Amino acid sequence: MASSGASSFQWTANGGGFSANGGKLTVTVNNNAASELVWGSTVGTNLVGTLQFGNATANAEAELQNKIDLSGVDRTINVTAGSAGAFGTISGIIRNTSGTAGLAKTGTGRLF
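Residues numbered from 1 in each chain as written. Predicted model: local features only at pLDDT ≥ 70, side-chain atom pairs only at ≥ 80, totals over all residues. Heavy atoms only, no water.

Enquirer: Talk me through the overall build of the protein chain; I want residue IDs and the actual numbers.
Expert: Per the secondary structure count, the protein chain includes 0 helices and 11 strands. Moving toward the C terminus, one meets the helices and strands of the protein chain in the order β-β-β-β-β-β-β-β-β-β-β. Here the protein chain has a C-alpha radius of gyration of 13 Å; the compact-globule value for 112 residues is 13 Å, and the two agree. Overall size of the protein chain, expressed as C-alpha extent along the three principal axes, is 40 × 30 × 25 Å. Each of the 112 residues in the protein chain was classed as buried or not, and the buried ones make up 34%. Of all intrachain contacts in the protein chain linking residues separated by at least 6 positions in sequence, the fraction that spans at least 24 positions is 80%. (Helix = DSSP H or I, 4+ residues; strand = E, 2+ residues; numbered from the N terminus. Rg over C-alpha atoms; globule rule 2.2 N^0.38 Å. Buried < 20%, exposed > 50% of the residue type's maximum accessible area, 1.4 Å probe, protein only. Contact = heavy atoms within 4.5 Å.)

Here it is, written out as structure tokens:
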């Protein structure tokens, strides 16, 4: 995951995510929805920490289109509804490739 330049983002050890204001935000990492994101512990190459959708002022849908591998660990997605009921969507397949993993949704927003 790139940390600089146009259309890039960086995850930190505390997590990261997406919010939309004024219209839907569609996120496709590596310009390929079939590209799988591994939820792990290496900042710079994995999703790390809590996946966040929305924020206090968000007012629209943020959609992540990529597939996600939970990598055998319980993971958390937090959705903040924002001032106008923003919500998050994961349209890619969520799977687990090793061991046992769980997925918890926190926050007041909706997740689809």
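Further notes follow.
Enquirer: With reference to specific residues and values, describe the pattern of salt bridges.
Expert: The full count for this structure, using the stated rule, is 3 salt bridges. Residues E63 and K24 are paired through a salt bridge, measuring 2.7 Å at the closest nitrogen-oxygen approach. Of this pair, E63 sits in strand 5 (residues 61-64) while K24 sits in the loop between strand 1 (15-18) and strand 2 (25-27), placing them 39 residues apart in sequence. Residue E63 is classed as buried on the basis of its relative accessible area, which comes to 9%. A salt bridge links R95 to E36, with the nearest nitrogen and oxygen atoms 2.6 Å apart. With R95 in strand 9 (residues 94-95) and E36 in strand 3 (residues 36-38), this pair connects stretches of sequence that are 59 residues apart. (Salt bridge = Lys/Arg side-chain N within 4 Å of Asp/Glu carboxyl O.)

Enquirer: So what about the nonpolar core? Which residues, and what values?
Expert: F18, W39, L51, F53, L64, I68 and I77 are the most contacted members of the largest nonpolar core, which totals 17 residues. Residue contacts for W39: discarding those within four places in its chain leaves L47, V48, G49, L51, I68, D69, L70, S71, R75, T76, I77 and L103. (Core = buried A, V, L, I, M, F, W, Y, C linked by side-chain atoms within 4.5 Å.)

Enquirer: With reference to specific residues and values, describe the sheet that holds strand 4 (residues 50-53).
Expert: Ordered by their spatial adjacency, 4 strands build an open sheet running 1-4-7-10, and the pairing between neighbours is parallel. Every interior strand has two partners, whereas the edge strands, strand 1 and strand 10 (103-106), have only one. Mean inter-strand twist for the sheet, computed between neighbouring axes without regard to direction, equals 20°. Pairing geometry for strand 1 and strand 4, over 4 bridges, is parallel. Paired with G15 across the strands is T50, a residue of strand 4. (Pairing = 2+ DSSP bridges. Axes fitted to C-alpha atoms, helices over the stretch in contact; angles between N-to-C directions.)

Enquirer: Any chance you could break down the side chain of T89 for me, citing the residues and the numbers?
Expert: Structurally, the position occupied by T89 is in strand 8 (residues 87-90). Looking at T89, the relative accessible area reads 12%, which means it is buried.

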